[in-house]
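Residue-level listing of the chains:
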Amino acid sequence: MTGTALYRLASRGLPRLAFWMNVRIQRLGRLPRPGKALRAGRQVETGTAGGVPVTWLDPARVDRGVLVHLHGGSYVTGPVAGQWRWLAALGAELSMAAVMVDYRLAPEHPHPAALDDVVAALRSLTSAGVLRPGHWALAGDSAGGALALAATQILVAAASPLPAALVLMAPWVDLTLANPQIPGTEPDDPVLSRRFLEPSAAAYAGRTPLGDHRLSPLYGDLAGLPPVHIAAGTRDVLVHDVRLLRQRLLDAGVAVDSLEEPGALHAYPTLGAGPAADRAVATQAAFLREHLDPDLPFPVPSRNAPHPSRENAMSEQLSAHVDIAATPGRVWEVLTDLAEYPAWNPVHRAGGGRRRPGPPADADDAAGRRPGDDPASPSGRGRRRPRAAVARQAGPARADGRRAHLRAAGAGRRHPAGPVGDLPGDPRPVRRRVAGPEHPACLRGDERGAQAAGGGSGAHRCGRRRRQGAGHGVGLGMRRRSVLQAAACTGGAAVAGNAFIGKPAMVWFRGLTAPRWQLPMPAFLGVGAAYYGVVGYVLARSIDRRDARSTAWSSAVLVGNEAWNGVFFGRRSTRAGFVGLCAFVVPLVMLQRSVAGDTRARYVLAPYTAYVLLYDLPWTYRLWQLNPTRPSGTRD
C-alpha cells in the first residue's frame, strides 16, 4: 500500500485538517522520478513533450511500442512508488518503452491545466513520430484514468490519431460523487472517502461545474473510443461508477474488457505486489498484446521469466553450448565461465572470496574419480593422497592458455562462508576447519572481504591489517566519520536546546490547562529521544551521500527544534510556541522532500513528520487557545 493510502487510513477518526495541510502531507510521498530500486538495471530518461515534463523507462524500446501512463492522486498529488512499480512491470512484460506524464496539479493549477498538459504531450509525441498508430496505448489510474478517458474523447472529437487501447484502473469518472451506492461501500474502503475526494474535486474543478464532461468523462460522448480495459476492486467507493462506465461504453459500441477483483481496494494493481496485482498485470498485458499492432515482436509471456535486465551474455552461452547430450567436461567448462560472472556467482554478489574451479580433464576424472583419489587403489576411490602431492601433480597437467588461473598456487583458497575450497581442479570442495583469527580479508585482500569480515582486531596472522573504508566498523552502512559528525551535531543541538528547559519552565508547563488528548510526560520524553535519533540518522546518511541539500535541511531542522524550545520554554509563551512550531514545520517538510531519493531515510523520517503535522500542530494550537495569556509572575 502506498504512503498516501496509509496516511488516509491512519487519519480516519482524527480531527479534520485544513485541505492545504492534507495536500502537503500526501505530497510527502510523491516521487516525480522512479526510486533507486527501479532505476537499477533500467534506462531512465527525463525530458519534455509539448512543454510538459515526462519520464521515460527504457526509451530504447520505443520501436517496439510505447505505454503512456497518467498517474492518479486525486488531481492534487502523485506519482507514488506503487505507480512506478506497476508501470515498470507492465512495460517489462511487454518489452515496450513506458513514459509517465507529470501534469500540473491542483489546487495551484485548476482545470483545465492537467487536461491541457496531457493533450499537449500526446500531440507532441505523435507529431514527433514517437507514438505511431497501432503502436502505443494510454493508461491511467484513479484521476489519471479519468484524464486518459477525457483526453481520448478530445482526440476523437478532433479526428487526431488515437491510442490502440486504453488501460484504466479504477478511473474517477464522476467528480460529483452522486452515485447513491457510494455511501454503502464507503465504510469498507480504507483508502478513499468523500471526505478526501470532495475537496480535491472542488480544488481541481475551480469554476467549472463538476458535471462537465471534461471533468467527469462519464457524461461525455463515448462513441469512437478504442478498446478499453478496466480494472477495479469491490472495496472501492468508485467501483459503482466503474460499472456504470462499462455499461455506457458497451452501449456506445466500444469493446470493453473488465476485471473486477473481489475484496480488492482502490487502484489495487498499483498498491503493491500480490496475487491480485499479478493477475491484473498479466490480464492487462494480454489485452494489450491483442489490440496493439500484431506485427510487433512481442515476447512470449512468462510470469516466471527473469527480468530482462538480468539476462546477459553468460546465460546465452549456457543455453547455446550446453544441452542434454553435453559431456561432463563441457558442462563444467561453461559453469566455470559462469562462476566468473558476478550475476551468476553468489560468492561475487556476497562480496566474499571465490574459488576458481577447473574442468575434470584427466582420465581419472573421466572414470569418476576425484582429483585427490589414489589411482593405485582398485576402485580409485580409496584413501586420499596428501593435498600437496595432488597440487604438484595436477597443476602442470591442467594449465592451459585459456584459463591461466588454474595453478597449484590457488590450492586451499578459503570460501567466505566457512567451507574451504579444494584444489583448482576439484569441482567439489573439501571441508576443513579454519583455525586462528584469519578472515576472508586476509585471504583475498580486497575491501569486500574486509567488509564481510566485519569486526575483529586489525592485526592478523597474515601480517595484513583490515582496511577501513566505506561501511567498515559501522553497522548502518555508512562511514564511521559520517556517523560521528552527525552524532556530534545532534548531541550539540540537544544540549544547547534543552538548556532552556529548567525546573521553573517545567513548573510553568505543568500549570497550563492541557487539552484532553495531551500525551503524558513520559511519552513526550520518548518522542524527544526518538526525534534526535531519527534526525541524527537522516543527517548521517545525508553527510555520507555528500548530499548538500539534505544536510542543510537536516541542520535547519535541528536549529528549528532548539529554537522552538527557546521560544516556548524560554519565553514561556504558548502563542510563541505555536508560531515557532509552524516555522519548524517548513524545514521539516523540505527535509522530507529532499530525502525522497533515499528510501531508508524517507521511511525513517516519515513517521516523525506525520506526528508533527497530525499531533504537534493541533496540540500547540489548542494549548494556545486554552492558555491565551501568560500566568502572572512569569517573565516577559
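An account of the accompanying structure is given in this report. (Residues numbered from 1 in each chain as written. Predicted model: local features only at pLDDT ≥ 70, side-chain atom pairs only at ≥ 80, totals over all residues. Heavy atoms only, no water.)

## Observations regarding the nonpolar core
- With 64 residues, the main nonpolar core has Val 68, Leu 122, Leu 147, Trp 172, Tyr 204 and Leu 245 as its most contacted residues.
- Among the elements that take part in this core, helix H6 (residues 143–157) stands out by supplying eight residues, more than any other.
- The contacts of Val 68, once residues within four sequence positions are left out, are Val 99, Val 101, Leu 122, Leu 131, Trp 136, Ala 137, Leu 138 and Ala 139.
- By size, the runner-up hydrophobic cluster in this structure holds 45 residues, among which are Met 21, Tyr 537, Ile 543 and Leu 617. (Core = buried A, V, L, I, M, F, W, Y, C linked by side-chain atoms within 4.5 Å. Buried < 20%, exposed > 50% of the residue type's maximum accessible area, 1.4 Å probe, protein only. Helix = DSSP H or I, 4+ residues; strand = E, 2+ residues; numbered from the N terminus. Contact = heavy atoms within 4.5 Å.)

## Description of the pattern of salt bridges
- The final tally for this structure, using the stated rule, is 14 salt bridges.
- Measuring nitrogen to oxygen at the nearest pair gives 2.7 Å for the salt bridge that ties Arg 30 to Asp 102. In this pair, Arg 30 sits in the loop between helix H2 (19–26) and helix H3 (36–39) while Asp 102 sits in the loop between strand E4 (97–101) and helix H5 (113–127), placing the two residues 72 residues apart along the sequence. Considered together, Arg 30 and Asp 102 belong to a single accessibility category, that of buried residues.
- Across the pair Arg 545 and Asp 598 runs a salt bridge, and its minimum N-O distance is 2.4 Å. Here Arg 545 is found in helix H20 (residues 521–545), whereas its partner Asp 598 is found in the loop between helix H22 (574–594) and helix H23 (599–626), with 53 residues between them in sequence.
- Take Arg 545: its relative accessible area is 34%, and that puts it in the partly exposed class. (Salt bridge = Lys/Arg side-chain N within 4 Å of Asp/Glu carboxyl O.)

## Some thoughts on unusual backbone geometry
- Backbone torsion omega between Gly 78 and Pro 79 reads 0°, so that peptide bond is classified as cis.
- For Pro 79, the location among the structural elements is in the loop between strand E3 (66–70) and helix H4 (81–94).
- Look at the link from Ala 106 to Pro 107: it is a cis peptide, with omega at 5°.
- Locating Pro 107 in the fold gives a position in the loop between E4 and H5.
- The phi dihedral of Ser 142 falls on the positive side, at around 55°, and the residue is not glycine.
- The residue Ser 142 is located in the loop between strand E5 (136–141) and H6 in this model.
- Relative accessible area serves as the criterion here: at 7%, Ser 142 is assigned to the buried category.
- A positive phi angle, near 55°, is found at Leu 177, a position not held by glycine.

## Thoughts on the sheet that holds strand E1 (residues 44–49)
- Strands sit in the order E1-E2-E4-E3-E5-E6-E7-E8 across an open sheet of eight strands; the sheet is mixed. Of all strands in the sheet, those with a lone pairing partner are E1 and strand E8 (256–261), marking the two edges. Adjacent strand axes in the sheet meet at a mean angle of 20° when their direction is disregarded.
- Relative to E4, E3 runs parallel, the two sharing five bridges. Within E4, the position partnered with Val 66 by the bridge is Ala 97.
- Strand contacts of H4: strand E2 (52–57), E3, E4, E5 and strand E6 (166–169), with the helix running at about 155° to E4, the strand carrying the most contacts.
- Sitting on the sheet, helix H9 (residues 239–251) is in contact with E6, strand E7 (228–233) and E8, with an inclination near 160° to E7. (Pairing = 2+ DSSP bridges. Axes fitted to C-alpha atoms, helices over the stretch in contact; angles between N-to-C directions.)

## Notes on the side chain of Glu 562
- Checked against the element boundaries, Glu 562 lands in helix H21 (residues 548–570).
- A polar side-chain atom of Glu 562 sits 3.2 Å from a polar atom in the side chain of Asn 565. (Polar contact = N/O pair within 3.5 Å; in protein donor to acceptor, adjacent residues only side chain to side chain.)

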